[in-house]
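Topology and contacts: notes
The primary structure of each chain is shown beneath.
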Amino acid sequence: RGLWSGLGPNIVRLSICNIGEVVTYDTVKTSILARGWMEDAFPLHFVGAVCAGFVTTTLTSPVDVVKTRYVNSAPGQFRGPLHCAAFLAKEGGFTNFYKGCVPSFFRITGWNLLMFMTYEQVRKVVSKKLTSS
């Protein structure tokens, strides 16, 4: 159990994170291109990555707060993650789930900028190679 403990909650968190990133980036990029507001270039990719960072932070922050509080709690303090979440909601309300979201936003957005900028450059290189063959 040792190596695999915590695998389930991490899979849930990473699934939410990846869905938030990819879906938001693609939706923002496609919507802006369809409206003709920007060209398919660096500024558009930057805007898409920042929007993806915001949405991802909004989706994952509650999961991170509950996970951190649950893991750091005394044994037996909570019956499970849902009990911990209910306690947090009762204790501090909605805003309790967004503690630390600003540093998280900058961390996630920084990662998104690197990831999506790299992805777009690799996509362009591969696309040119495939069309020139």
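Placed above this text is the structure.
Residues numbered from 1 in each chain as written. Predicted model: local features only at pLDDT ≥ 70, side-chain atom pairs only at ≥ 80, totals over all residues. Heavy atoms only, no water.

**Notes on the overall build of the chain**
For the record, the criterion: Helix and strand labels come from DSSP, where a helix needs a run of H or I of at least four residues and a strand needs a run of E of at least two; each type is numbered from the N terminus. As defined in this context, the radius of gyration uses C-alpha atoms, and a globule is described by 2.2 Å times the residue total to the power 0.38. Each residue's exposure class comes from its accessible area (1.4 Å probe, protein chains only) as a fraction of the maximum for that residue type: buried when under 20%, exposed when over 50%, partly exposed otherwise.
Regarding its fold elements, the chain presents four helices and zero strands. Scanning the chain from its N terminus toward the C terminus, one meets helices and strands in the order α-α-α-α. Its C-alpha atoms give the chain a radius of gyration of 19 Å, clearly above 14 Å, the size a compact globule of 133 residues would have. Taken along its principal axes, the extent of the C-alpha atoms in the chain is 65 × 35 × 20 Å. When the 133 residues of the chain are sorted by exposure, 29% land in the buried category.

**A look at the state of the cysteines**
This is how it is decided: Throughout, disulfides are identified as pairs of cysteine sulfur atoms within 2.5 Å of each other.
Scanning the entire structure with this criterion turns up zero disulfides. In this structure Cys-17 is not part of a disulfide, and its nearest cysteine sulfur, from Cys-101, lies 14 Å away.

**Re the packing of helix α1 (residues 7-35) against helix α4 (residues 101-132)**
Test applied: Axis lines are fitted through C-alpha atoms, for helices just across the contact stretch, and the angle between N-to-C directions can take any value from 0 to 180 degrees. Any angle from 65 to 115 degrees is called roughly perpendicular, while one under 35 is roughly parallel, one over 145 is roughly antiparallel, and all others are oblique. With the far helix as reference, a near helix turned anticlockwise by less than a right angle produces a left-handed crossing, and one turned clockwise produces a right-handed crossing. Should any heavy atoms of two residues lie within 4.5 Å, those residues are counted as being in contact. Residue classes follow a fixed rule: Ala, Val, Leu, Ile, Met, Phe, Trp, Tyr, Cys and Pro count as nonpolar, while Asp, Glu, Lys and Arg count as charged, and any other residue, Gly among them, counts as polar.
It is the contact of α1 with α4, at a shortest axis distance of 12 Å, that shows an interaxial angle of 55 degrees. As summarised for this structure, α1 and α4 are arranged oblique, according to the angle between their axes. Here α1 runs over α4; the crossing is right-handed. Along the contact surface, α1 presents Arg-13, Glu-21, Val-22, Tyr-25 and Lys-29, while α4 presents Arg-107, Ile-108, Trp-111, Asn-112, Met-115, Phe-116, Glu-120 and Arg-123. Here the contact of α1 with α4 is built from residues that sort into six nonpolar, one polar and six charged.

**Describing the environment of His-83**
If you trace the backbone, His-83 turns up in helix α3 (residues 81-92). For the pair His-83 and Lys-128, spaced 45 residues apart in sequence, the C-alpha separation works out to 53 Å. With residues near it in sequence (within four places) discarded, His-83 still touches Gln-77 and Phe-78.

**Concerning the layout of surface pockets**
As a reminder, the rule being used: Cavity and pocket criteria rest on a 1 Å grid covering protein atoms alone: a 1.4 Å probe that fits but cannot get out defines a cavity, protein on both sides within 12 Å along at least 5 of 7 lines defines an open pocket, and an atom within 4 Å of a point defines a lining residue. Grid points are joined across faces, edges and corners, and a volume is the space filled by probe spheres set on the points.
In this structure, the largest pocket occupies an estimated 330 Å³ of space. Pro-9, Lys-67, Tyr-70, Val-71 and Pro-81 are, among the 14 residues lining the largest pocket, the residues nearest its centre. When residues of the lining of the largest pocket are traced back to their parent elements, those giving at least two are α1, α2 (42-71) and α3. Of all the elements, α2 adds the most residues to the lining of the largest pocket, at five residues.

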